[in-house]
Number of protein chains: 2
Amino acid sequence: MTARLIDGTAVARRVREEVGRGVEALVAAGGVAPGLATVLIGDDPASEVYVRNKRRLSVGAGMRDLHRHLPADADQATVAALVDELATDPAVSGILLQLPLPAHLDSDALISRIPAAKDVDGLTTANAGLLAQGRPGLRPCTPAGVMALLDEYEVPLSGAEAVVVGRSVLVGKPMAQLLLARNATVTVCHSRTRDLAEVCRRADVLVVAAGIPGLVGGDAVRPGATVIDVGIHRGEDGLRGDVDAAAVAEVAGALTPVPGGVGPMTIAMLLANTLTAARVQQGVGV
Amino acid sequence: MTARLIDGTAVARRVREEVGRGVEALVAAGGVAPGLATVLIGDDPASEVYVRNKRRLSVGAGMRDLHRHLPADADQATVAALVDELATDPAVSGILLQLPLPAHLDSDALISRIPAAKDVDGLTTANAGLLAQGRPGLRPCTPAGVMALLDEYEVPLSGAEAVVVGRSVLVGKPMAQLLLARNATVTVCHSRTRDLAEVCRRADVLVVAAGIPGLVGGDAVRPGATVIDVGIHRGEDGLRGDVDAAAVAEVAGALTPVPGGVGPMTIAMLLANTLTAARVQQGVGV
């Protein structure tokens, strides 16, 4: 093994601590503590765990927990009314609609009701447009977390070749925009890419968010490259990512483990977004 | 010279004729002819020429010319009030604010007043977000015109390596999104790219929108590649593009000339967007 392991757990902790200090500073400057409204519809066990972690860590950073829970059979109008209520409530800095929603609900229609200024998941079309045009806005948490890891480990980005595998609205596409904004030469690959390994081997920075376990092997990595594995899959031997970690660790210069790499960053960036949203809404410390 | 020349003038004419037939069909289906509100502030000679062409060709396609002209010293509030008036006027299908505006005006603030549904230039943050998320919307005219040329010449895109040189909000970034949506493997290059020629040589489809005359030479083109030159510069010997056309024509498989390549497509796609906007607003033929 040659790759340095990128410790997302430690970086996420530092980000959360920094957010906690930012919350204190906001209150000290005459503002009020940010309020995070997590919205859970139904009782999906995985979603319950995610929401519980988000609530716990936001409270740990000094935020107000404004959690709301609706039954699994809540209809579209009921959930829409709840989102609208949170949208206008000045105590609510950020709205997090925990996905996936029950199948009878129209997720897109509900997300579109979240005001851009409270869209702490960075999911709305409005925030996607702000990112695409290089304007200030709330960025999707997972790619923002990847940027924070790259910065913490001082990975050079300007002029670097960055390759993103995957083009989802949640990760791949905003990831490419964020890397481009930092002056990387950015390539986006996907299922139709002719020779994925060849394209990936060009990368100084390789971000894999394909949702396919072990898709990227050691032959797809340039020696010394920084490899960020966004995938997370539960298998027989525990959690694994989109990267064949054992093989890639022999070639890469640095690698995020799964778990303990990108995963912990997502909630940390959610808290950072919630603080940013509160600052902008309150006009304090912006 | 080996490259086939891509005849933008002819393709643009066909697109305009198709739009004209679409306008006839819209009216025949009970709708009304689309109305294009070109807005010119001041008397810049180049802007006057552009606006005149847009008006003439929109009328040629059967649209209503709802041109508005304000003096060069019109203040922000006056222009904003005009945009707001056009935004609510049901006769106005599309609003085209001719850029650049006089320096004392805040262009971004004025563009943001254009409703996404009437933003026939595809400039608003809302339409950028729709494009980034792969949702229906009005696309910026120049990159949309490039896609129309590639389609007209049946250039394979799925799985192809596409390289875009330039990352402007108007051309480079939406161009990359449009190529990605068609399943190309897309790389975006810019001024910080380490070895521009090397990256460009990977391209099956090379789109150059850098704004630098003759930036891309023959050494930057893979034999047989399709090269799209978005640049247009007035020099001592007439118009030229971002590509060294003489050298690239010896290597490329196909090339857009300057003038007569991408240029004529921009207005054609403006007309296509205006027809689309009218159809959606009128709920006819969508």
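Scoring rules and cut-offs
- Residues numbered from 1 in each chain as written.
- Chains lettered and ligands numbered in written order.
- Predicted model: local features only at pLDDT ≥ 70, side-chain atom pairs only at ≥ 80, totals over all residues.
- Heavy atoms only, no water.
- Helix = DSSP H or I, 4+ residues; strand = E, 2+ residues; numbered from the N terminus.
- Rg over C-alpha atoms; globule rule 2.2 N^0.38 Å.
- Buried < 20%, exposed > 50% of the residue type's maximum accessible area, 1.4 Å probe, protein only.
- Contact = heavy atoms within 4.5 Å.
- Buried area = accessible area lost by both parts, 1.4 Å probe.
- Salt bridge = Lys/Arg side-chain N within 4 Å of Asp/Glu carboxyl O.
- Polar contact = N/O pair within 3.5 Å; in protein donor to acceptor, adjacent residues only side chain to side chain.
- Nonpolar A, V, L, I, M, F, W, Y, C, P; charged D, E, K, R; others polar.
- Pairing = 2+ DSSP bridges.
- Least-squares fit on C-alpha atoms with pLDDT ≥ 70 in both.
- UniProt positions renumbered as here; feature names shortened; annotations may be inferred.
- Core = buried A, V, L, I, M, F, W, Y, C linked by side-chain atoms within 4.5 Å.
- Axes fitted to C-alpha atoms, helices over the stretch in contact; angles between N-to-C directions.
- Expected span 1.5 Å × (residues − 1).
- Arc of directions from axis to C-beta.
- 1 Å grid on protein atoms, 1.4 Å probe; cavity = no way out; pocket = protein on both sides within 12 Å on 5 of 7 lines; lining within 4 Å.
- Points joined across faces, edges and corners; volume = space filled by probe spheres on them.

S.K.: Can you walk me through the overall build of chain A in this structure?
M.R.: Scanning chain A from N- to C-terminus turns up ten helices and twelve strands. In terms of C-alpha radius of gyration, chain A reaches 19 Å, essentially the compact-globule figure of 19 Å for 286 residues. The principal-axis extents of the C-alpha atoms in chain A amount to approximately 50 × 45 × 35 Å. Counting every position in chain A, which comprises 286 residues, the buried fraction comes to 55%.

S.K.: Mind showing me how you'd approach the interface of chain B and chain A here?
M.R.: Many analyses report the size of an interface as the accessible area lost when the parts associate. On the chain A side, the residues contacting the 37 residues of chain B number 37 residues. Across the interface of chain B and chain A, roughly 3000 Å² is buried in total on both sides, 42% from carbon and sulfur atoms. Residue Arg-135 of chain B pairs with Asp-108 of chain A through a salt bridge whose shortest N-O separation is 3.1 Å. At the surface where chain B touches chain A, the tally comes to 27 residue pairs in polar contact (both at pLDDT 80 or more). Secondary-structure elements contributing two or more residues to the side of chain B that touches chain A are helix 5 (125–132), helix 7 (172–181) and strand 7 (185–189) of chain B. Each residue belonging to the side of chain B that touches chain A can be placed in one class, and the counts come to 14 nonpolar, 13 polar and ten charged. Sheet topology places strand 7 (residues 185–189) of chain A next to strand 7 of chain B; three bridges connect them, and they run antiparallel. When the bridges of strand 7 of chain B are listed, Val-188 of chain A appears paired with Val-186 of chain B.

S.K.: Looking at this structure, I do not really get the relation of the copies chain B and chain A. What am I missing?
M.R.: Relative to chain A, chain B is turned by 180 degrees and slid 0.0 Å along the rotation axis, the superposed coordinates differing by an RMSD of 0.0 Å. This pairing of chains is accounted for by a two-fold axis. The residues that chain B uses at the interface reappear at the interface of chain A in 100% of cases, marking a shared surface.

S.K.: Please clarify how unusual backbone geometry should be interpreted in this entry.
M.R.: Trans peptide bonds make up most of the peptide bonds, and negative phi angles are found at most residues other than glycine. The step from Val-258 of chain A to Pro-259 of chain A runs through a cis peptide bond, and the omega angle for that step is 0 degrees. Assignment of secondary structure puts Pro-259 of chain A in the loop between strand 12 (254–255) and helix 10 (263–282). Along the chain, Leu-99 of chain B connects to Pro-100 of chain B via a cis peptide bond; the corresponding omega equals -5 degrees. The residue Pro-100 of chain B is located in the loop between strand 5 (94–97) and helix 4 (107–111) in this model. One non-glycine residue, Glu-154 of chain A, lies in positive phi territory at about 50 degrees. Along the chain, the position of Glu-154 of chain A falls in the loop between helix 6 (141–152) and strand 6 (161–165). Owing to a relative accessible area of 69%, Glu-154 of chain A belongs among the exposed residues under this scheme.

S.K.: In this structure, what is going on with the UniProt feature "domain: Tetrahydrofolate dehydrogenase/cyclohydrolase catalytic" (unreviewed entry) in chain A? I would like to understand it.
M.R.: On the UniProt side, "domain: Tetrahydrofolate dehydrogenase/cyclohydrolase catalytic" (unreviewed entry) is annotated at positions that read residues 6–121 of chain A here. Within the segment residues 6–121 of chain A, helix and strand shares are 47% and 14% respectively, and the terminal C-alpha atoms sit 24 Å apart.

S.K.: Help me understand the nonpolar core, please; the structure alone is not making it clear to me.
M.R.: What tends to happen in soluble globular proteins is that the nonpolar side chains get buried as a cluster. By size, the foremost hydrophobic cluster in this structure holds 110 residues, and its most contacted members are Val-19, Leu-150 and Leu-179 of chain A together with Val-19, Leu-150 and Leu-179 of chain B. When sequence neighbours within four positions are dropped, the list of residues in contact with Val-19 of chain B reads Ala-61, Met-63, Leu-271, Ala-272 and Leu-275 of chain B. Core analysis: the second largest hydrophobic core is formed by 21 residues, Ala-197, Val-208, Val-243 and Ala-252 of chain A among them.

S.K.: Honestly, the sheet that holds strand 7 of chain A in this entry has me stumped. Any pointers?
M.R.: Sheets are built from strands paired through backbone hydrogen bonds, the pairs being either parallel or antiparallel. Here we have twelve strands laid out as an open sheet, ordered 1(A)-12(A)-9(A)-8(A)-6(A)-7(A)-7(B)-6(B)-8(B)-9(B)-12(B)-1(B), and mixed in their pairing. Lying at the two open borders of the sheet, with one neighbouring strand each, are strand 1 (4–5) of chain A together with strand 1 (4–5) of chain B. Across two bridges, strand 1 of chain B lies against strand 12 (residues 254–255) of chain B in parallel orientation. Directly across from Arg-4 of chain B, in strand 12 of chain B, lies its bridge partner Ala-254 of chain B. Of the strands in this sheet, strand 7 of chain A together with strand 6 (161–165), strand 7 and strand 8 (205–208) of chain B are in contact with helix 7 of chain B, which crosses strand 6 of chain B at around 170 degrees.

S.K.: Help me understand the pattern of salt bridges, please; the structure alone is not making it clear to me.
M.R.: Proximity of charged atoms lets side chains of opposite charge pair with each other. Overall, the coordinates contain 20 salt bridges over all chains when judged by the stated rule. Note that Arg-14 of chain A and Glu-152 of chain A form a salt bridge whose closest N and O atoms lie 2.7 Å from each other. Here Arg-14 of chain A is found in helix 1 (residues 8–28), whereas its partner Glu-152 of chain A is found in helix 6, with 138 residues between them in sequence. Accessibility expressed as a relative area gives 36% for Glu-152 of chain A, which makes it partly exposed. Between Asp-151 of chain B and Arg-182 of chain B there is a salt bridge, with the nearest N and O atoms lying 2.8 Å from each other. On the criterion of sequence distance, the pair formed by Asp-151 of chain B in helix 6 (residues 141–152) and Arg-182 of chain B in the loop between helix 7 and strand 7 is long-range, its members being 31 residues apart. Through salt bridges with shared partners, a single network forms among Glu-161 of chain A together with Glu-198 and Arg-202 of chain B.

S.K.: Sorry if this is basic, but what is going on with helix 2 (residues 45–60) of chain A here?
M.R.: Side chains of residues three or four places apart in an α-helix project in the same direction, reflecting 3.6 residues per turn. Residues and elements named next belong to chain A. Given a rise of 1.5 Å per residue, 16 residues ought to cover 22 Å, and the 22 Å separating the end C-alpha atoms of helix 2 matches this to within 8%. Of the residues making up helix 2, those classed as buried are Ser-47, Val-51, Lys-54, Leu-57 and Ser-58. The buried residues of helix 2 occupy one face: seen down the axis, they fall within an arc of 135 degrees. Among the exposed residues of helix 2, those oriented more than 90 degrees off its buried face are Pro-45, Arg-52, Arg-56 and Gly-60. As for helix 2, its buried residues are in contact with helix 1, strand 2 (35–41), strand 5 (94–97) and helix 10. In the stretch just after helix 2, Gly-62 is the one whose phi turns positive, near 90 degrees.

S.K.: Teacher, can you tell me more about empty space enclosed by the protein here?
M.R.: The gaps left among the atoms become clear once a water-sized probe is rolled over them. Throughout the structure, instances matching the rule amount to four cavities of 30 Å³ or more. Of the volumes computed, that of the largest cavity is approximately 180 Å³. Lining the largest cavity are 13 residues, and of these Ala-176, Gln-177 and Val-188 of chain A together with Ala-176 and Val-188 of chain B lie nearest its centre. In terms of residue count, helix 7 (residues 172–181) of chain A provides more of the lining of the largest cavity than any other element does, five residues in total. Residue composition of the lining of the largest cavity, grouped by class: eight nonpolar, three polar and two charged.

S.K.: When you look at the environment of Ala-277 of chain B in this model, what are you seeing that I'm missing?
M.R.: Residue and element names in this part refer to chain B. Turning to its location among the elements, Ala-277 is positioned in helix 10 (residues 263–282). Along the backbone, Ala-277 and Ala-109 are 168 residues apart, and their C-alpha atoms lie at a distance of 22 Å. Ignoring any residue separated from it by four or fewer positions in sequence, one finds Ala-277 in contact with Ser-93, Ala-117, Val-120 and Leu-138.

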